[in-house]
Amino acid sequence: MRKKILITIFLFIIIGISAYLYIYKGHRNIESETADYVVTVNELEREFTSNDSLAYIKYQDKTIELSARVTSIDKAGNGIVMSEKVFVTFKNRLPQNIISGKTLKIKGRFLGYDELLQEFKIDQSSVVH
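Reading the values: the criteria
Residues numbered from 1 in each chain as written. Predicted model: local features only at pLDDT ≥ 70, side-chain atom pairs only at ≥ 80, totals over all residues. Heavy atoms only, no water. Helix = DSSP H or I, 4+ residues; strand = E, 2+ residues; numbered from the N terminus. Buried < 20%, exposed > 50% of the residue type's maximum accessible area, 1.4 Å probe, protein only. Contact = heavy atoms within 4.5 Å. Pairing = 2+ DSSP bridges. Phe/Tyr/Trp six-rings, centres within 6.5 Å; stacked < 30°, edge-to-face > 60°. Salt bridge = Lys/Arg side-chain N within 4 Å of Asp/Glu carboxyl O. Polar contact = N/O pair within 3.5 Å; in protein donor to acceptor, adjacent residues only side chain to side chain. Patch = residues over 30% accessible without salt bridge, like charges linked within 9 Å, V, L, I, M, F, W, Y side chains within 5 Å. Areas by Shrake-Rupley, 256 points an atom, 1.4 Å probe, with all protein chains shown as cover. Expected span 1.5 Å × (residues − 1).

Before going further, it helps to spend a moment on the overall build of the protein. Along its length, the protein carries three helices and six strands. Order of helices (α) and strands (β) in the protein, N terminus to C terminus: α-β-α-α-β-β-β-β-β. Reported as C-alpha extents along the three principal axes, the dimensions of the protein are approximately 75 × 35 × 25 Å. The burial tally for the protein puts 31% of its 129 residues in the buried class. Counting contacts in the protein only where the partners sit at least 6 residues apart, residues at least 24 apart contribute 57% of the total.

Encoded structure:
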């Protein structure tokens, strides 16, 4: 009987530790990750237009690399808008060398598509050189 109690306690401890490690994963460093997808704004639009459910499954919480023209800069929000369709926020501070109208390549975590504003959202971004 005592052996069964010890085995049960041991199993609960293992399950508890496993659940804790699964729930509280370490923070991702998007900047050091390899991009899962290298895409254009047109490709994102096409995929979300044809089947948004599949596109969400494909891109949601993935690291993507995107190259597009900077159309506006939001210094207060620490972000930029690219090709008038992608809102990008940066991990740290907004890089100083970003100029509106220039093409920029970024890497960040894809959050999703905002149907109300009709724009894609990317966060934890960094400039790729």
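Moving on to the pairing of strand β2 (residues 63-74). Taken together, the three bridges between strand β1 (residues 37-39) and β2 define a ladder with parallel strand orientation. Counted as the bridge partner of V39 is L66 from β2. One ladder, built from seven bridges, connects β2 with strand β5 (residues 103-114); its direction is antiparallel. Paired with A68 across the bridge in β5 is L104. Summarising the sheet, β2 and strand β3 (residues 79-82) pair through four bridges and their orientation is antiparallel. Residue pairing across strands places I73 opposite I80, the latter belonging to β3. Between β2 and β3, which pair antiparallel in sequence order, lie four residues; one of them, N78, sits at a positive phi of approximately 55 degrees.

Quick look at the packing of aromatic side chains now. Scanning the model with the defined rule gives nine aromatic pairs in all. Geometrically, the ring pair formed by Y59 and F110 is tilted, given 5.8 Å between the ring centres and 55 degrees between the ring planes. Of this pair, Y59 sits in helix α3 (residues 52-59) while F110 sits in strand β5, placing them 51 residues apart in sequence. Here F110 falls in the buried class, since its relative accessible area comes to 0%.

Once that is clear, we can look at the pattern of salt bridges. Tallied over the full model, the rule gives seven salt bridges. Between R109 and D61 there is a salt bridge, with its nearest N and O atoms 3.3 Å apart. Residue R109 is located in strand β5, and its partner D61 is located in the loop between α3 and β2; the two are separated by 48 residues in the primary sequence. A salt bridge links K121 to D114; the shortest N-O distance between them is 3.9 Å.

Glancing now at the environment of S100. One can find S100 in the loop between β4 (86-90) and β5. Of the polar contacts made by the side chain of S100, one reaches the backbone oxygen of T71; its length is 3.4 Å.

Below, the discussion takes up a nonpolar patch on the surface. There is a patch of nonpolar side chains on the surface, built from M1, I5, I9, I13, I17, Y20, L21, Y22, I23 and Y24 and spanning about 1200 Å² of accessible area. Within the fold, I9 resides in helix α1 (residues 2-23).

Here we come to α1. Across its 22 residues, α1 extends 32 Å between first and last C-alpha, which sits within 8% of the 32 Å expected from 1.5 Å per residue. Taken across its 22 residues, α1 has zero buried, putting it largely on the surface.

Turning next to unusual backbone geometry. Within the chain, E84 stands out as a residue other than glycine whose phi angle is a positive 60 degrees. Checked against the element boundaries, E84 lands in the loop between β3 and β4. Judged by its relative accessible area of 59%, E84 falls in the exposed class. Phi is positive for Q118, which is not a glycine, with a value near 55 degrees. Inspection of the secondary structure assignment puts Q118 in the loop between β5 and β6 (119-127). For Q118, a relative accessible area of 55% puts it in the exposed group.

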